[in-house]
Amino acid sequence: MKQEMIIVLDFGGQYNQLIARRVRECHVYCEVHPYTLELDKIREMEPKGIIFTGGPNSVYLEESPHIDPDIFNMNIPILGICYGSQLIAYTLGGQVATAPVSEYGKTQVSVDQSSILFNNVEATTDCWMSHTDYIAKAPEGFCVTAHTPVCPVAAMECPERKLYATQFHPEVMHTVEGIKMLRGFIYDVCGCQGNWKMDSFASQAIQSLREKIGTGKVLCALSGGVDSSVAAVLLSKAVGKQLTCVFVDHGLLRKNEGDEVEAVFGPNGPYELNFIRVNAQDRFYAKLARVEEPEEKRKIIGAEFIHVFEEEAKKIGAVDFLVQGTIYPDVIESGLGKSAVIKSHHNVGGLPDCVEFKEIVEPLRLLFKDEVRKVGLELGIPEHLVFRQPFPGPGLGIRIVGEVTAEKVRIVQEADFIYRDEIGKAGIDMELGQYFAALTNMRSVGVMGDFRTYDYAVVLRSVETSDFMTAEAAQIPWEVLQRVMNRIVNEVKGVNRVFYDLTSKPPGTIEFE
Ligand code: XMP
């Protein structure tokens with residue numbers, strides 16, 4: 001049986017992947033394509049429905065994205081959202097104009113409950129609006145099914161032609177009944193059955209990777225983080241030993257992490273692939289000697305990582321494909337590229353320049369982090385890898401304030417291990433956005449037994465955050481903090497004080513560097 005699919009046509013809005021994600025949450029496979037996708041291609045794909053996204057333009061301007069009007073004669077249901085709704089109106093002879101009053105944010109919308117989109121929805125419902133243009137007049141054959149005091153056509157439809165349009169965004173969570181509306185479109189208009197699950201993503205991705213790669217050679221930089229791990233397992237299942245994973249241990253990983261990664265991906269692990277672990281600790285420590293400035297440390301670690309990887313890649317020789325564990329938020333962030341550089345993030349961005357290859361493969365490009373985790377679980381990757389805390393590429397190098405030495409790495413590894421252990425035992429690990437120990441550059445006097453000590457202070461950080469752009473210090477129970485403090489000062493040689501960082505972001509950052 002052919003896989004049910006909805007196609008999202010992208011007109012440049014911010015929520016395009018979110019729409020796809022919502023459709024997938026309704027158990028229907030969904031892909032995002034540029035609005036220029038040819039009608040013949042669409043026919044070949046046999047989608048059950050098409051969704052036009054929002055976008056920043058005005059449909060009545062010539063340079064704005066338009067659509068071949070034949071798309072409306074293909075007998076495929078279409079839902080237009082925001083710009084997409086205006087595009088339907090404009091293309092089919094309605095009127096779109098600058099609204100006398102723009103609407104932004106949560107807005108009360110009155111809906112016609114006899115519409116298939118709204119039959120389970122309250123007569124007046126909160127929806128998310130974001131528009132300066134509006135549909136002034138619906139095209140002939142359409143009826144208006146929602147309005148606000150200032151927006152005469154907040155939704156319209158032509159059920160005979162299976163064309164639907166909403167000025168507001170049903171995909172965002174602020175549209176409180178949005179998912180019901182999307183379900184109405186997906187199930188009742190498009191007639192989907194909803195038999196797609198995340199494991200279908202995995203099997204489909206494996207199948208298409210196999211077709212794409214054929215007998216080619218594939219190289220992957222494995223960090224042990226969830227994204228690169230899931231990408232590597234997909235590739236291993238698709239092409240087995242044609243894949244080589246290079247894992248650079250820069251000596252700045254958490255305690256036991258290098259061995260844990262090796263246990264999963266190495267020769268004794270469950271996956272078929274070539275695994276190369278490079279123990280490059282000494283090289284990194286040598287480069288970092290006497291360097292204190294955090295940004296300089298980041299650059300050194302990033303550059304050295306690329307050198308090490310390049311050397312390994314040269315030994316392997318020319319490869320056909322380079323794998324990257326890029327996920328959707330990375331795509332948006334790199335696309336914006338306008339914000340000021342607060343920290344130079346280390347990721348595999350520099351690798352393509354140092355390796356000879358024909359093409360990049362990014363099997364997770366369309367997924368959000370929690371979707372990547374679901375795929376990881378489906379693929380049988382151990383939970384401790386799938387639910388791993390976010391960990392910066394430069395690793396503990398940026399959780400040690402001041403110069404990095406092997407001794408300081410040992411201290412922060414031990415302290416962090418105890419902290420994570422106690423948080424896990426207290427059962428609060430899933431409630432926290434991120435938590436870790438860092439090492440300050442401060443030494444102070446203490447007393448242990450009858451002796452004076454002059455040792456380092458460890459800082460414990462723990463934040464609640466949903467997007468990692470802003471964060472609040474988490475309120476860890478006092479007794480848990482006390483247990484952690486006790487264990488650290490007793491078990492970690494070289495530490496005589498433990499602090500808890502209360503700073504939010506902003507003005508702080510999540511990492512402590
Ligand atoms: P900050 O410290 O900027 O961190 O508030 C926000 C989130 O990003 C992570 N982080 C990084 N992740 N490479 C990464 O892949 C990096 O260089 C890097 N620096 C910070 C940090 O752990 C937090 O989750």
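A. View of the side chain of Gln434. Relative to the elements of secondary structure, Gln434 occurs in strand β15 (residues 434-448). A residue is classified by how much of its surface remains accessible, and Gln434, at 5% relative accessible area, is buried. A distance of 3.1 Å separates the side chain of Gln434 from the backbone oxygen of Pro390, its partner in a polar contact. Sequence-distant contacts of Gln434, that is, excluding residues within four places in its chain, are made with Gln389, Pro390, Arg399, Arg461, Ser462, Val463, Phe468, Ile510 and Glu511.

B. Representation of the packing of helix α14 (residues 406-425) against helix α15 (residues 478-491). Running from amino to carboxyl end, α14 crosses α15 at an angle of 150°, the nearest separation of the two axes being 9 Å. Overall, the two elements α14 and α15 adopt an arrangement that is roughly antiparallel. Along this stretch, α14 crosses α15, giving a crossing that reads as right-handed. Here α14 contributes Ala415, Ile418, Tyr419, Asp421, Glu422 and Lys425 to the contact with α15, which in turn contributes Val480, Arg483, Val484, Arg487, Ile488 and Glu491. Taken together, the residues of the contact of α14 with α15 sort by class into six nonpolar, no polar and six charged.

C. Examining the pattern of salt bridges more closely. For the structure shown, the criterion picks out 33 salt bridges. The partner of Lys299 in a salt bridge is Glu295, and the shortest N-O contact between them spans 3.8 Å. With Lys299 and Glu295 both in helix α9 (residues 294-316), this residue pair falls four residues apart, about one helical turn. Residue Arg487 pairs with Asp421 through a salt bridge whose shortest N-O separation is 2.9 Å. Here Arg487 is found in helix α15, whereas its partner Asp421 is found in helix α14, with 66 residues between them in sequence. Sharing partners across several salt bridges, the network here consists of Asp421, Glu422, Lys425, Arg483, Arg487 and Glu491.

D. A look at helix α1 (residues 16-25). Counted residue by residue, α1 has nine buried out of ten residues, so it is predominantly covered. All of the buried residues in α1 are Asn16, Gln17, Leu18, Ile19, Ala20, Arg21, Arg22, Val23 and Arg24.

E. The nonpolar core, seen in detail. Grouped together as the largest cluster of nonpolar side chains are 73 residues, with contacts concentrated most on Leu9, Ile42, Phe52, Ile71 and Phe265. Take this core: its biggest share by element is nine residues, from helix α6 (residues 226-239). Apart from the residues within four sequence positions on either side, Phe52 is in contact with Leu9, Phe11, Ile67, Ile71, Phe72, Ile78, Leu79, Gly80, Ile81, Gly84, Leu87 and Ile88.

F. Geometry of the packing of aromatic side chains. All told, the structure shown has ten aromatic pairs when counted by the stated rule. For the pair Phe11 and Tyr83, a centre-to-centre distance of 5.8 Å together with 45° between the ring planes defines the contact as tilted. Residue Phe11 is located in the loop between β1 (5-10) and α1, and its partner Tyr83 is located in helix α3 (residues 83-91); the two are separated by 72 residues in the primary sequence. Residue Phe11 is classed as buried on the basis of its relative accessible area, which comes to 3%. Arranged with centres 5.4 Å apart and planes meeting at 50°, the rings of Tyr29 and Trp196 form a pair that is tilted. Taken together, the positions of Tyr29 in strand β2 (residues 29-34) and Trp196 in the loop between α4 (178-189) and α5 (198-213) put the pair 167 residues apart, joining distant regions of the chain. Side by side, Tyr29 and Trp196 carry an identical accessibility label, which is buried. Members of the aromatic cluster, joined through ring pairs, are Phe11, Tyr35, Phe52, Phe72 and Tyr83. Over the aromatic face of Phe391 sits the side chain of Arg254, whose NZ or CZ is 4.0 Å from the ring centroid. Its end group placed over the ring of Phe417, Lys255 keeps NZ or CZ at 4.4 Å from the ring centre.

G. How the structure looks around the sheet that holds strand β5 (residues 95-111). Reading across from one edge, β2-β1-β3-β4-β9-β8-β7-β5-β6 is the order of the nine strands in this open sheet, with mixed pairing throughout. Every interior strand has two partners, whereas the edge strands, β2 and β6 (124-137), have only one. Geometrically, the sheet is characterised by an average inter-axis angle of 20° between neighbouring strands, direction not taken into account. Judged from the two bridges that link them, β5 and strand β7 (residues 143-147) form a sheet pairing that is antiparallel. Paired with Ser110 across the two strands is His147, which belongs to β7.

H. Looking closely at α15. Counted at 1.5 Å a residue, the expected span for α15 with its 14 residues is 20 Å, and the 20 Å between its end C-alpha atoms agrees. Buried residues of α15: Val480, Leu481, Val484, Arg487, Ile488 and Val489, and no others. In the core, the buried residues of α15 are packed alongside α14, β15, β16 (451-464) and β18 (495-500).

I. Representation of the pairing of β5. One ladder, built from twelve bridges, connects β5 with β6; its direction is antiparallel. Bridge pairing links Ser110 to Thr124 in β6.

J. Spatial organisation of the state of the cysteines. Scanning the entire structure with this criterion turns up zero disulfides. Distance from the sulfur of Cys158, which forms no disulfide, to the nearest cysteine sulfur (Cys143) is 7.8 Å. By relative accessible area, which is 4% here, Cys158 ends up buried.

Rules of the game
Residues numbered from 1 in each chain as written. Predicted model: local features only at pLDDT ≥ 70, side-chain atom pairs only at ≥ 80, totals over all residues. Heavy atoms only, no water. Helix = DSSP H or I, 4+ residues; strand = E, 2+ residues; numbered from the N terminus. Buried < 20%, exposed > 50% of the residue type's maximum accessible area, 1.4 Å probe, protein only. Polar contact = N/O pair within 3.5 Å; in protein donor to acceptor, adjacent residues only side chain to side chain. Contact = heavy atoms within 4.5 Å. Axes fitted to C-alpha atoms, helices over the stretch in contact; angles between N-to-C directions. Parallel < 35°, antiparallel > 145°, perpendicular 65-115°, else oblique. Left-handed = near helix turned anticlockwise from the far one by under 90°. Nonpolar A, V, L, I, M, F, W, Y, C, P; charged D, E, K, R; others polar. Salt bridge = Lys/Arg side-chain N within 4 Å of Asp/Glu carboxyl O. Core = buried A, V, L, I, M, F, W, Y, C linked by side-chain atoms within 4.5 Å. Phe/Tyr/Trp six-rings, centres within 6.5 Å; stacked < 30°, edge-to-face > 60°. Lys NZ or Arg CZ within 6 Å of the ring centre and 35° of its normal. Pairing = 2+ DSSP bridges. Expected span 1.5 Å × (residues − 1). Disulfide = S-S within 2.5 Å.

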